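Close look at the chain arrangement
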Amino acid sequence: MSNSILTYRYRLKDATSGKHLLRMAWACNTVWNFCNEVSLLAWRRHKHFLSAFDLINLCAGAGHALGLHTDTLSEICQEYARRKRQCHKIRLQWRSRKRSLGWVPFKGRCIRLRDGEIAYKGRRLRFWSSRPLGGTVKTGSFSQDACGHWYVNLQCAVETPGVPLGAAEIGIDLGLKNQLACSDRPEPYSRENLTRKHEDALGMAQRAHKNKRVKAIHARIANTRKDWAHKTTTQIARRATLIVVGNVSSTKLSKTRMAKSVHDAGWGQLRMLLEYKASKLGVTYCEVNEFGSSVTCSACLSKTGPSGLSALGVRVWTCTHCGSLHNRDLNASRNILRVGRDTLPGIPLCQ
Ligand SMILES: [Zn+2]
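From a predicted model like this one, the values you see are computed outputs, not experimental measurements. (Residues numbered from 1 in each chain as written. Predicted model: local features only at pLDDT ≥ 70, side-chain atom pairs only at ≥ 80, totals over all residues. Heavy atoms only, no water.)

What follows covers helix 11 (residues 328–343). End to end, helix 11 covers 23 Å across 16 residues, agreeing with the expected 22 Å (1.5 Å per residue, within 8%). Burial in helix 11 covers these residues: Arg328, Asp329, Leu330, Asn331, Ala332, Ser333, Asn335, Ile336, Leu337, Gly340 and Arg341. On its buried face, helix 11 sits against strand 8 (168–174), strand 9 (180–182), strand 10 (240–246), strand 11 (284–288), strand 12 (316–318) and strand 13 (325–327). The N-cap residue of helix 11 is asparagine 327: its side-chain oxygen and the backbone nitrogen of aspartate 329 are 3.1 Å apart. (Helix = DSSP H or I, 4+ residues; strand = E, 2+ residues; numbered from the N terminus. Expected span 1.5 Å × (residues − 1). Buried < 20%, exposed > 50% of the residue type's maximum accessible area, 1.4 Å probe, protein only. Contact = heavy atoms within 4.5 Å. Polar contact = N/O pair within 3.5 Å; in protein donor to acceptor, adjacent residues only side chain to side chain.)

Dropping the structure here:
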């Protein structure tokens, strides 16, 4: 058995708790902006950055006036210091009600959970208990989405089985036409292009300046994409013992005419979910450089495949060197698996 951290997300129920949460989110923004201002001042006067510890000391005692738990204050200070380290900036963006979505972090010990109810600072908030919670809550947060709905996110330490459920070694090629091609499965996983499907409705709502409708359509697209990604990656992780994924990046492709398809494919989300589910099930996960994977023949390793942008439409090709017939995506996923096996020294070759 091994330990891993999983996040459980539940939608909050009460329409009445919205106002209360908005007020708490305002208080959190105040703390964040105070951290921002005071660390800028410290930098200007003494040329030194304030650590999370310094910020927590400076915020001491403010919790009572703002109606926040002391742990919430320290979580905000820690998150501020972490973000600042990541961004390498003297000052971060201000948080305001218009600019940022509501966010109230907390530690596991400031809340009480009872079937479908969470108590924080003497206030009970109800949520839809869509699945049972596993493990003990370490940290969490209340967060808001663009449509104004509130959620509670609970990060739990969960004991996971160290042995994977499946035995397959899977190379995965991420693509545009077929989102996921697995080396152990002849048919790729594919779904329709969601951006294109909702394009007309979105355009109409945008031209009519119906902001609420625009947000709702965007949320629908995002939810459908996420749901599909979750279902597919679970299927893959359950039958795998090794997962190798190509490191294809959307940054360069997003400047070409394929931009819409690239954004719709959501490669980053798929990779994140695969890695997360692999760690949950004790599956080995690695990312490899996928350069040349679609032009190399997986049988004889000669570069005889169709190359260049014009060859993207070629789905099936025959190797001129060894004569084997290849499906474009399946061949690429087999190459990715081979590269992954070569880079991971601990795995014995059995194929
Ligand atoms: Zn060949």
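The discussion continues.
The sheet built from four strands is open, its strands ordered 9-8-10-11 with mixed pairing. The open sheet has two edge strands, strand 9 and strand 11, and neither has a second partner. Ignoring strand direction, the axes of neighbouring strands in this sheet form an average angle of 25 degrees. When strand 8 meets strand 10, the two strands line up parallel, connected through five bridges. Residue isoleucine 170 lies in a different strand from strand 10, and its bridge partner there is isoleucine 243. Across the sheet, helix 7 (residues 211–238) is in contact with strand 8, strand 9 and strand 10; its angle to strand 10 comes to roughly 130 degrees. (Pairing = 2+ DSSP bridges. Axes fitted to C-alpha atoms, helices over the stretch in contact; angles between N-to-C directions.)

All right, on to the nonpolar core then. Grouped together as the largest cluster of nonpolar side chains are 40 residues, with contacts concentrated most on Leu12, Leu68, Phe106, Ile118, Phe142, Val152 and Leu154. Those elements giving two or more residues to this core turn out to be strand 1 (2–11), helix 1 (17–46), helix 2 (52–59), helix 4 (70–87), strand 2 (103–107), strand 4 (117–120), strand 6 (136–144) and strand 7 (150–160). For this core, the element with the highest residue contribution is helix 1, accounting for 10 residues. In contact with valine 152, not counting residues within four places along its chain, are Tyr8, Arg9, Tyr10, Leu12, Phe106, Ile118, Phe127, Ser141 and Phe142. Listed in part, the 25 residues of the second largest apolar core include Ile243, Val245, Ala265 and Leu270. (Core = buried A, V, L, I, M, F, W, Y, C linked by side-chain atoms within 4.5 Å.)

Below, the discussion takes up the domain arrangement of the chain. The domain architecture assigned to the chain consists of domain 1 (2–160) and domain 2 (168–190 + 237–343). On a C-alpha basis, the centroid separation for the pair domain 1 and domain 2 is 38 Å. (Domains from an automatic or database assignment.)

The next thing to look at is the sheet that holds strand 4. An order of 3-4-5 is seen for the three strands of this open sheet, with the pairing classed as antiparallel. Every other strand in the sheet has two partners, leaving strand 3 (111–114) and strand 5 (123–126) as the edge strands with one partner each. Strand-to-strand twist in this sheet, taken as the mean axis angle between neighbours without regard to direction, amounts to 25 degrees. Sheet analysis places strand 4 next to strand 5, joined by four bridges and oriented antiparallel. For glutamate 117, the partnering residue across the bridge sits in strand 5 and is arginine 126.

What follows is about the side chain of glutamate 169. With respect to the helices and strands, glutamate 169 occurs in strand 8. In terms of polar contacts, glutamate 169 uses its side chain to reach the side chain of arginine 341, at 2.4 Å.

Before going further, it helps to examine the coordination of the zinc ion. Looking at the zinc ion, the protein donor atoms are Cys297 (SG), Cys300 (SG), Cys319 (SG) and Cys322 (SG), and they sit 2.2 to 2.3 Å from it. Classification of the site at the zinc ion as tetrahedral follows from its four donor atoms and the range of 107 to 114 degrees in their angles at the metal. Positions of the donor residues of the zinc ion along the chain correspond to the pattern C-x2-C-x18-C-x2-C. Here the residue cysteine 297 occupies a position in the loop between strand 11 and strand 12, and cysteine 319 occupies one in the loop between strand 12 and strand 13, the gap between them amounting to 22 residues. No difference in accessibility class separates cysteine 297 from cysteine 319, as the two residues are buried. (Donors = N, O, S within 2.8 Å, 3.2 Å for Na, K, Ca; no water. Tetrahedral: all angles 85-135°; square planar, octahedral: opposite > 155°, others 65-115°.)

Once their charged atoms are close, side chains differing in charge can pair, the charge on each being opposite to the other. On inspection of all chains with the given rule, the structure shows 15 salt bridges. Where arginine 83 meets glutamate 79, a salt bridge forms, and the shortest distance between an N and an O atom there is 3.2 Å. One end of the pair is arginine 83 and the other is glutamate 79, both in helix 4 and four residues apart, which spans about a single turn. With a shortest N-O distance of 3.0 Å, lysine 231 and aspartate 227 are connected by a salt bridge. Taken as a pair, lysine 231 and aspartate 227 lie in helix 7 at a separation of four residues, close to a single helical turn. The exposed category is assigned to lysine 231, whose relative accessible area is 52%. You can call aspartate 227 partly exposed: its relative accessible area is 38%. Among the charged side chains, a salt-bridge network with shared partners connects Glu79, Arg82 and Arg83. (Salt bridge = Lys/Arg side-chain N within 4 Å of Asp/Glu carboxyl O.)

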